[in-house]
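Structure assessment
Here is what each chain is made of, one letter per residue.
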Amino acid sequence: MSDMADMDDMTEGRRAGARIRRDGVQKRSLDKARSRVMLAGLLFAFCFLALGVRIVQLGVIGEEEENIARTISTPQVDVARGNITDRNGVLLATNLDVASLYADAIKVPDPVEATRRLKSVLPDLNEADTLRRLQSSARFVWIKRRLSPRQQWQVNALGIPGLSFKEESNRFYPQGHLVSHAVGYVDIDNVGQGGLERQFDTALNDPVSPASVRSSIDVRVQHALYSELSASMAKFSSKGAAGLVMDVNTGEVLALVSLPDFDPHHPGDPTRANHFNYVTQGVYEMGSPFKAFTIAAALEDGTVSLKSVYDTTKPIRVGRFTIHDYHPEDRPLTVPEIFLHSSNIGSAKIAVDLGSDNQLDFFREVGLLEPATIELPEVGTPMTPPVWREVNTMTAAYGHGIAVSPLQLSVGIAALVNGGLMKQPTIISAEGRRLAEPHRVISARVSNEMRDLMRLVVTDGTGGNASAAGYRVGGKTGTAEKLGANGTYARKSLISSFVGMFPADNPKYLVFAMLDEPHGIKETFGYATGGWTAAPVVSKVVSRIGPILGVYPKGGEHLAPSSPALMASYVGDGR
Amino acid sequence: MKPRTAFVLLAASVAMGYGVYKAKYEVRELKVQAGNLREQIRDDQEAIEVLKVEWAYLTRPTRLEELSKRYLELGALKPEQVVPMRDIELALAPREAAAPDRKLAAVRSDGR
C-alpha cells in the first residue's frame, strides 16, 4: 500500500512539479490527497469491471440461465396414499381427488330452476330434498358428494351461481370387490383396515414419499377363480367358497378369493362373515389331501415304497374310535391305490409305520404346525391336539384332528410337487426381489412320485372332475365333516375341497378350491364331496388360466390330433 | 478525466443498465411462463392419474367378460386352438411349395 502510494507520489510529483512549486508541507498533503482519490478511483474501476464481466457472463455466455432452467423440476402430484397394483401394474387401489358439490343457498337465485337443471345432469338427485336445501338460507349445504369428473364438468357447464366444489381425496378400488380380501380397505381417514392396506399402512401413508405396493395377484387369474367359485357356490347353495392360485416355484399367490366378500368402498361391519378370509384366516380339518403328506413323508423316510402293500379290508379300532373307509376295497392295497381310493385305513397304517415323531417333524417342516407367514394381517393359527397320541397320528394321516388354513395346505402341497422345496408364500410380486432361501423337505425323486400319484387321482381316481383337456391336472380331493356345535362331526356340514396342480409333468401352478357346506344336487347324484363340487371348479379355472399363464397344452387328453387338414381350417387361406 | 472518456463511460454504463433491466424483465416474464407451464403440467398429470384409474375401471376383467359375451362371438381359448408353429408350417407347406426351405427353417427354430 505504502509502496504504491510512494510511486504515485513520485509520478504526480513530477507532473505537478513543472507547473507549481510549493513548499514541503503543503505539497506533501496535496500529494497524499491525490493518491487517495486515485486509489478510490481504482477501486471503483475494479468494481465496475467486475460488474461488466458479470453482465457479459450473464448476457452472452448465459450460464446462469441454463442453471435456472435446470432447477425447474416437474412438479409432483401430491399423493395422499400409495397405490396398490397387481403383478402387471393394473391398479387395485389408488387415490383420487373427488369433487363434492355444495351450495351457498343465499346466492342461488332461483332454487326451483336450479334444482330442475341439476336433476338433468345428476339423475339420482333427490329433488324435493335438494329444493328444500336450496330454499333454506344456509351458507353451506351439500348437494351431492363424490361427483365423477364428467358430472363435475356438466354441473360447471350449467353455470348456476352459488354452487361450488370441494375437493376431497378418496381411496378408490377400480376392481370393485374382485380382490377385496387381498387388498383390504381403508376407513374414512384413509387408514388401512384389512389386507394389504393394513399390512403396509405405514409405508403407503408415508407423508414424504408414499410407497406403492406391487402385489403378486394377477387380476385375470383372480377373475377366473372368482367367477368359477361364485358360480359353484350358488350351484351348490354353499355358505361360502374359497380359492387360491399359487406359483409353486416362487410361492407367489396369483389369486386369492374368499366368498362371500365385500365392496371395499362400503366395507360395512368388519366382524361380519363377509370380511372373514377363508384362505388365510380360517382353519379347517382338510381331510384327504393330508394323505399326500403322510405318503410323501413315508416315501422320503423309506418306510414304504410305491410297491408296499397294506391290508385295508378291516376297520381299525383305537379306543372308542373306529377308522373306516368310505369306498372299501375287498383286497390289500398298494401305496398308490391307497392314495387313489383315498383309503383312511391305509393312510393310518402308513402313519403308524412312519411313527408319530417322524410325522410331526414332517408336518412341522412343511409348515402345518405354525401360522403361515404371508403379508396379510388375517392369518389363522392351526389347531393341533395338545398331546400327540397314536390315535392322533392315525387321524392326522388322513387330515382329521388337525386343522390348518387352506393357505398352509397349499404351500405344503406346492413343496411336495415343485421338486421338494418349501417356499415362503407371498402376496408381493417376487420380481426383482430376493426371496427367502427355500429348504428341502423331500428329494426330487419323491417329489416326482408325488406328481405321478396326484396325476393318477385325476386320471383314474376320485378327482376325475378336475381334469382339464390339455393341461394335465393332478391333485387330491378333500371332504371333511365340520365339527358341530356340540363337538361331534356334523354329517351334512362338509368342507369340500380340491387341491390341484398343473401341468403334472412339471408343475407350475397350484389351484385350490373349497366350498363351505355345499349341498348335493341332482347333477352330482346328491353328492357334495370335493370330487363333485370343488374339482370341477379347478378344472374350469385351469382351462381359463392355462392360456393366460402361458402353459402349453399338450395332446393325449381328449385333445383332437393336430393334423395338417385340421390346421388348414384354423389358418384359413394361409395368408 | 477527459470529457470524451467520461462520455464513453457514461454511455457504456447507461447501455449496461438498460441491458441489465431488460434481461431482468425478460427473466421475470420467463418465470411467469415457467410457473404457468408447471401448473399446466400438474393439471395434466392429475388428469392422467384420473384417466389411469378410469382405464383400470373400464378394463376390469368382470366388465370385459360381460361386454365380450354381449358383443363378441368369442369363447374361452380351447387347448386344440393352441398349436405349435410346426403344425402351421405343415398346413402351409403344400401351398407355399415354392418358398425357400430357409424360411421354413427359421419359423421352425423359433416356433417351439
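Along each chain, numbering runs from 1 in the same order as the chain's sequence is written. The naming scheme follows written order: chains are lettered A onward, ligands numbered 1 onward. pLDDT decides what is reported in this predicted model: residues at 70 or higher carry local features, side-chain atom pairs at 80 or more are listed and counted, and totals for whole chains, interfaces and linings draw on all residues regardless. Derived side-chain values reflect all non-hydrogen atoms in the structure, with water molecules and hydrogen atoms excluded from consideration.

Before going further, it helps to spend a moment on the overall build of chain B. A run of H or I in DSSP counts as a helix once it spans at least four residues, and a run of E counts as a strand once it spans at least two, with each numbered from the N terminus. Each helix and strand counted, chain B has 4 helices and 0 strands in total. The N-to-C order of helical and strand elements in chain B reads α-α-α-α. A 1.4 Å probe and the Shrake-Rupley method give the accessible areas. Residues count as covered only by the protein chains that appear here. For chain B, the exposed area adds up to about 9200 Å²; of that, 61% sits on carbon and sulfur atoms.

Expected span, for any helix, means 1.5 Å times one less than how many residues it has. For helix α17 (residues 444-460) of chain A, spanning 17 residues, the distance from its first C-alpha to its last is 24 Å, which sits close to the expected 24 Å at 1.5 Å a residue. Only protein chains enter the calculation, and the probe is 1.4 Å; a residue is then buried if its accessible area is under 20% of its type maximum, exposed if over 50%, and partly exposed in between. Among the residues of α17 of chain A, Val446, Ser447, Glu449, Met450, Arg451, Leu453, Met454, Arg455, Val457 and Val458 of chain A are the ones counted as buried.

Residue and element names in this part refer to chain B. A residue-level look at chain B finds 82% of positions with pLDDT of 70 or above and a mean pLDDT of 80. Each residue carries a pLDDT score, the predictor's own confidence in it, on a scale running from 0 to 100. By definition, residues are in contact when any of their heavy atoms lie within 4.5 Å. When the criterion is pLDDT under 50, residues 102-112 qualifies, and its contacts beyond four places in sequence or with other chains add up to 9 contacts. Confidence metrics for the complex model read pTM 0.77 and ipTM 0.70.

All names here are of chain A. That bond from Leu259 to Pro260 is cis: its omega, 0°, falls within 30 degrees of zero. By secondary structure assignment, the location of Pro260 is in the loop between β7 (253-259) and α11 (289-301). Here the residue pair Phe502 and Pro503 is connected by a cis peptide bond, since its omega of -15° sits within 30 degrees of zero. Position of Pro503 among the secondary structure elements: in the loop between β15 (489-502) and β16 (509-516). Positive phi values are uncommon outside glycine, yet Ser342 reaches one of about 55°. Relative to the helices and strands, Ser342 is located in the loop between α12 (335-340) and α13 (344-354). Its relative accessible area of 10% is what places Ser342 among the buried residues.

The next point concerns the pairing of strand β6 (residues 240-247) of chain A. Residue and element names in this part refer to chain A. β6 sits mainly inside the fold: 8 of its 8 residues count as buried. Alternating residues of β6 divide into Gly240, Ala242, Leu244 and Met246 and Ala241, Gly243, Val245 and Asp247, and every residue in both groups is buried. Of the pairings in the sheet, the one linking β6 to β7 comprises 6 bridges and is antiparallel in character. Residue Met246 lies in a different strand from β7, and its bridge partner there is Val253. Connecting the antiparallel pair β6 and β7 is a turn made up of 5 residues, with Gly251 showing a positive phi of about 80°. Pairing between strands requires that DSSP locate at least two bridges from one strand to the other.

What follows deals with the side chain of Thr294 of chain A. Relative to the assigned elements, Thr294 of chain A resides in helix α11. Those residues in contact with Thr294 of chain A that sit more than four places away from it in its chain are Ser347, Ile350, Ala351, Leu354 and Ala397 of chain A.

Further remarks concern the packing of aromatic side chains. All names here are of chain A. Note on aromatic contacts: the rings of Phe and Tyr and the six-membered ring of Trp form a pair at centre separations within 6.5 Å, being stacked when their planes are under 30 degrees apart, edge-to-face when over 60 apart, and tilted otherwise. All chains considered together, the criterion is met by 14 aromatic pairs over all chains. For the pair Phe276 and Tyr278, a centre-to-centre distance of 5.9 Å together with 85° between the ring planes defines the contact as edge-to-face. Its relative accessible area of 31% is what places Phe276 among the partly exposed residues. Between Phe363 and Trp388, the ring centres sit 6.3 Å apart and the planes meet at 85°, which makes this aromatic pair edge-to-face.

Let us now look at empty space enclosed by the protein. All names here are of chain A. Of the two site types, the cavity is a set of points on a 1 Å grid over the protein atoms alone where a 1.4 Å probe fits but cannot get out, and the pocket is an open set with protein on both sides within 12 Å along at least five of seven lines, each lined by residues with an atom within 4 Å of a point. Grid points are joined across faces, edges and corners, and a volume is the space filled by probe spheres set on the points. Within this structure, the stated rule accounts for 1 cavity of 30 Å³ or more. Size it by volume and the largest cavity reaches roughly 40 Å³. Along the walls of the largest cavity sit His177, Leu178, Val179, Ser180, His181, Gln222, Tyr226, Leu256, Val257, Ser258 and Asp261, which together make up its complete lining. Elements with a contribution of two residues or more to the lining of the largest cavity: α7 (180-183), α10 (219-235) and β7. Each residue receives one of three labels: charged for Asp, Glu, Lys and Arg, nonpolar for Ala, Val, Leu, Ile, Met, Phe, Trp, Tyr, Cys and Pro, and polar for the others, Gly being one of them. When grouped by side-chain class, the residues that make up the lining of the largest cavity number 5 nonpolar, 5 polar and 1 charged.

Attention shifts here to the domain arrangement of chain A. For the purposes of this description, domain bounds are those given by an automatic or database domain assignment. As assigned here, chain A comprises domain 1 (80-176) and domain 2 (222-263 + 279-569). One C-alpha centre belongs to domain 1 of chain A, the other to domain 2 of chain A; they are set 50 Å apart.

Our focus in this paragraph is a negative patch on the surface. Each patch groups residues whose relative accessible area exceeds 30% and which form no salt bridge, using 9 Å between like charges and 5 Å between nonpolar side chains of Val, Leu, Ile, Met, Phe, Trp and Tyr. We define a salt bridge as a side-chain nitrogen of Lys or Arg found within 4 Å of a carboxyl oxygen belonging to Asp or Glu. Charge counting follows a simple rule: Lys and Arg are positive, Asp and Glu are negative, and His as well as the terminal groups are ignored. Each charge is placed at NZ for Lys, CZ for Arg, CG for Asp and CD for Glu. Taken together, the side chains of Asp97 and Glu167 of chain A together with Glu39, Asp43, Asp44 and Glu46 of chain B make up a negatively charged region of the molecular surface. By residue number, the principal contributor to the negative patch is helix α1 (residues 3-58) of chain B, which donates 4 residues. Mapped onto the elements of the fold, Asp44 of chain B is located in helix α1.

The subject of this paragraph is the environment of Lys166 of chain A. All names here are of chain A. Positionally, Lys166 belongs in strand β4 (residues 163-172). Linking Lys166 and Lys554, residues 388 residues apart in sequence, is a C-alpha distance of 58 Å. Discounting residues that sit within four places of it in the chain, Lys166 has contacts with Val98, Ala99, Ser100, Tyr102 and Trp142.

What follows is about the environment of Val283 of chain A. Note on placement: Val283 of chain A falls in the loop between β7 and α11. If we skip the residues at most four places from it in the chain, Val283 of chain A touches Gly380, Thr381, Pro382, Met383, Ala403, Val404 and Ser405 of chain A.

Let us now look at the packing of helix α4 (residues 111-121) of chain A against helix α6 (residues 149-158) of chain A. All names here are of chain A. What counts as an axis is a line fitted to C-alpha atoms, over the stretch in contact for a helix, and the angles between N-to-C directions run from 0 to 180 degrees. For the pair α4 and α6, interaxial distance at closest approach is 10 Å and the crossing angle is 150°. Comparing their axes, α6 and α4 come out roughly antiparallel. α4 and α6 meet at a crossing whose hand is right-handed. Between α4 and α6, the contacting residues are Arg117, Leu118 and Val121 on the first element and Gln154, Val155 and Leu158 on the second. Looking at side-chain class alone, the contact of α4 with α6 contains 4 nonpolar, 1 polar and 1 charged residues. Angular relationships are summarised with four words: roughly parallel below 35 degrees, roughly antiparallel beyond 145, roughly perpendicular across 65 to 115, and oblique for the angles in between. When the near helix sits turned anticlockwise from the far one by under a right angle, the crossing is termed left-handed; a clockwise turn instead gives a right-handed crossing.

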